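# Coordinate inspection notes
So the chains spell out like this:
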Amino acid sequence: MRSGRPPRGRPARTMSTYGWWAYAVPVLVVLTGLAVLDSARTPPPESPAPETSVQSGQQRASKPTGPLIPIPDPNPGGGDVAAAKAPAELPDGGPFTEMGNGTWTVVPGAGPQFGTGRLLTYTVEVEDGVELAGGAQGFAAMVDATLQDPRSWIGSGEHAFQRIDDPRAADLRITLTSQLGQRGMCGFVIPYDASCWKSELNQVVLNTARWARGAVPFQGNVVQYQQYVVNHEVGHGLGFEHTGCEETGRLAPVMMQQTWGLANDYLAVLGTDRVTADGKVCEPNAWPFPTVE
């Protein structure tokens, strides 16, 4: 039996069945398509991306973080960085051991006391793995001859020395150490080869590179340089500190850092301690008391 209502068309049946969603869904589909099309045409806003390494995936800094070259700007008193570097560079010359084993062997050769005054005992040692012209005995002979010279520290009458063979009992351990071994022990803040005194070890650390080639200020006289560096570092062991050139044209004080230069202006540019840029330039000198005979 039919109802008395008029028959419904398709839209009426659709509305009855699905309600207003029947019209909303097609509209939403159209709007979504338009939005997708618009986003394809318009580039997305740029946002900063983290800087990463493609290989490691680790975040990296946007600015270099490595150490700066530890040379300050030139002093107004004279000289510049290029001029200061010239005498500080290692000269050309023969081969030397860059890296040894990090242990030292005593060169036998205990002897009697020489000089008068406060007695300091010392050993002579060479780092294992180091090779040098003249061998270990040649190195020891140079150390002994330098300290026994009346122009050395015994010239004051206040210091006496005696070589022994026991590093545990020695006041000074005079050691020849490989280039990179010396840098590791002494640091490399001023980036030019040097030697040093390690007070906590009672150790004079002499650099194989300098022992073999000397220094530019010594004009190729390697023997004179070897005498200087022994006296200079032993001077630290005696308690003496660095100093600068005292008067132009005179012999440099043995505690001046002559390895790097003879001009106060140059040493001040490099950042050496206790030196003022004042224009003074000295002559190379290996001895604490050069006029003593």
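Attention in this report is confined to the structure presented alongside it. As the structure is a prediction and not an experimental result, all values here were calculated from the model.

Counting its secondary structure elements, the chain contains 8 helices and 7 strands. Among the 293 residues that make up the chain, the fraction classed as buried is 39%. Restricting to contacts in the chain with at least 6 residues of sequence separation, those with at least 24 account for 70%. Surface exposure of the chain reaches about 16800 Å², of which carbon and sulfur atoms provide 55%.

Mapping K198 onto the fold places it in strand β6 (residues 196-198). Separated by 2.9 Å, the side chain of K198 and the backbone oxygen of M185 make a polar contact. Excluding anything up to four places from it in sequence, K198 contacts M185, Q203 and V205.

By secondary structure assignment, the location of A194 is in the loop between α5 (179-186) and β6. Look at A194 and you get buried, because its relative accessible area is 14%. Taking the C-alpha atoms as reference points, A194 and L206, separated by 12 residues in sequence, lie 7.8 Å from one another. What A194 contacts, discounting residues up to four positions off in sequence, is Q182, N207, R210 and W260.

On to the pattern of salt bridges, then. Tallied over the full model, the rule gives 9 salt bridges. A salt bridge links R151 to D149, with the shortest nitrogen-to-oxygen separation between them at 3.0 Å. What you see here is one network of salt bridges that share partners, running through E241, D273 and R274.

The subject of this paragraph is helix α4 (residues 135-148). With 14 residues, α4 extends 20 Å from end C-alpha to end C-alpha; this agrees with the ideal 20 Å at 1.5 Å per step. Turning to α4, its buried residues number three or more, namely F139, A140, M142, V143, D144, T146 and L147.

Even without being a glycine, N202 presents a positive backbone phi close to 55°. Positionally, N202 belongs in the loop between β6 and β7 (203-207). For Q219, which is not glycine, the phi dihedral falls at a positive 50°.

As enumerated under the stated definition, the model contains 2 disulfides in all. The disulfide bridge from C186 ends at C196, spanning 1.8 Å between sulfur atoms. Between C186 and C196, the S-S torsion sits near -55°, and that sign places the bridge as left-handed. Of this pair, C186 sits in helix α5 while C196 is found in strand β6, placing the two residues 10 residues apart along the sequence. Owing to a relative accessible area of 27%, C186 belongs among the partly exposed residues under this scheme. One disulfide bridge connects C245 with C282, the sulfur atoms lying 2.1 Å from each other.

The next thing to look at is α5. In an α-helix, one full turn covers 3.6 residues, which means residues spaced three or four apart are oriented alike. Residues of α5 that are buried: Q179, G181, Q182 and M185. The buried residues of α5 occupy an angular sector of 160° when the element is viewed end-on, so they sit on one face. At the C-terminal side of α5, G187 shows a positive phi close to 90°.

Attention shifts here to the environment of E241. The residue E241 is located in the loop between α7 (222-237) and α8 (264-270) in this model. The class of E241 is partly exposed, set by a relative accessible area of 48%. Separated by 32 residues in sequence, E241 and D273 place their C-alpha atoms 9.3 Å apart. Residues contacting E241, with those up to four places away along its chain left out, are H236, M255 and R274. For E241, the side chain forms a polar contact with the side chain of R274, separated by 3.0 Å.

Reading the values: rules and limits
For every chain, the first residue of the written sequence is number 1, and numbering continues from 1 along that sequence. pLDDT decides what is reported in this predicted model: residues at 70 or higher carry local features, side-chain atom pairs at 80 or more are listed and counted, and totals for whole chains, interfaces and linings draw on all residues regardless. In computing side-chain values, all of the structure's heavy atoms are included and hydrogens and water are not. Under the DSSP-based scheme used, a helix requires at least four consecutive residues in state H or I and a strand at least two consecutive residues in state E, with every element numbered from the N terminus. The buried label goes to any residue with under 20% of its type's maximum accessible area, the exposed label to any with over 50%, and the partly exposed label to all in between, with areas taken from a 1.4 Å probe on protein chains only. Residues are treated as being in contact if the distance between any of their heavy atoms lies within 4.5 Å. Each accessible area value is a Shrake-Rupley result obtained with a 1.4 Å probe; residue values ignore everything except the protein chains displayed when judging cover. Counting of polar contacts relies on pairs of N or O atoms within 3.5 Å, with two restrictions inside protein: one atom must be capable of donating a hydrogen and the other of accepting it, and residues adjacent in sequence are counted only when both atoms are side-chain atoms. Salt bridge, as used here: a side-chain nitrogen of Lys or Arg that lies within 4 Å of a carboxyl oxygen of Asp or Glu. Helix span, as expected, comes to 1.5 Å for every residue beyond the first. When the sulfur atoms of two cysteines come within 2.5 Å, that pair is taken as a disulfide. Directions drawn from the helix axis to the C-beta atoms are what define this arc.

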